[in-house]
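# Survey of secondary and tertiary structure
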Amino acid sequence: MPKKILIIDDDPIVVKYLEAVFSDNGYETCNASSTMEGLDVVKKEKPDLITLDLQMPGEWGPRFYRKLRKDKDLRDTPVIVISGIDGDHAIKDAIAFVKKPFDPEKLVGIVKNTIG
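Structure report, in brief. Given the structure is predicted, the values throughout are model-derived calculations rather than measurements.

## Let's talk about the packing of helix H1 (residues 12-24) against helix H4 (residues 104-115)
Following both chains from N to C, one finds H1 and H4 inclined at 60 degrees, their axes separated by 11 Å at the closest point. When the axis of H1 is compared with that of H4, the two are oblique. In the packing of H1 onto H4, the handedness of the crossing is right-handed. When H1 is examined against H4, the residues Tyr17, Leu18, Val21 and Phe22 are found in contact with a partner set consisting of Pro104, Leu107, Val108 and Val111. Of the residues contributing to the contact of H1 with H4, the split by class is eight nonpolar, no polar and no charged.

See the structure below:
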């Protein structure tokens, strides 16, 4: 069964691109266009990894991350921050911070090192 990655990003072009990159490398994907939707999707889908944009409509990525870490069933889900703003300090426990635009091979390498 393929590992599942939840993509949380409000830019549909980025979401489509990430879906293509991950599916081409054997991963299943699901997505959310806001952090509020992301919390619902992560509870329903139980992904193996989450990619998270920091700058989102409504709540920002760091608030989603704090809520995720408070949930005992979800707190160990690894998170890779993918953002156009320089905010690697905003989520200090993230597996990695990848700045947009990003190298897809580098991103896939981080994912493979994290969840196989």
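There's more to say after this.
## Regarding the pairing of strand S1 (residues 4-8)
Within S1, five of the five residues are buried, leaving the element largely enclosed by the surrounding structure. With burial as the criterion, each face of S1 is covered, one bearing Lys4, Leu6 and Ile8 and the other bearing Ile5 and Ile7. Bridge count for S1 against strand S2 (residues 28-32) is five bridges, and the pairing is parallel. By the bridge assignment, Lys4 is partnered in S2 with Glu28. After leaving S1, the chain enters H1 and then returns to the sheet as S2, a path that is right-handed. With four bridges connecting them, S1 and strand S3 (residues 49-52) associate as parallel partners. Within the sheet, the bridge partner assigned to Leu6 lies in S3 and is Ile50.

Conventions adopted
- Residues numbered from 1 in each chain as written.
- Predicted model: local features only at pLDDT ≥ 70, side-chain atom pairs only at ≥ 80, totals over all residues.
- Heavy atoms only, no water.
- Axes fitted to C-alpha atoms, helices over the stretch in contact; angles between N-to-C directions.
- Helix = DSSP H or I, 4+ residues; strand = E, 2+ residues; numbered from the N terminus.
- Parallel < 35°, antiparallel > 145°, perpendicular 65-115°, else oblique.
- Left-handed = near helix turned anticlockwise from the far one by under 90°.
- Contact = heavy atoms within 4.5 Å.
- Nonpolar A, V, L, I, M, F, W, Y, C, P; charged D, E, K, R; others polar.
- Buried < 20%, exposed > 50% of the residue type's maximum accessible area, 1.4 Å probe, protein only.
- Pairing = 2+ DSSP bridges.
- Right-handed = clockwise from strand over helix to strand, strands pointing away.

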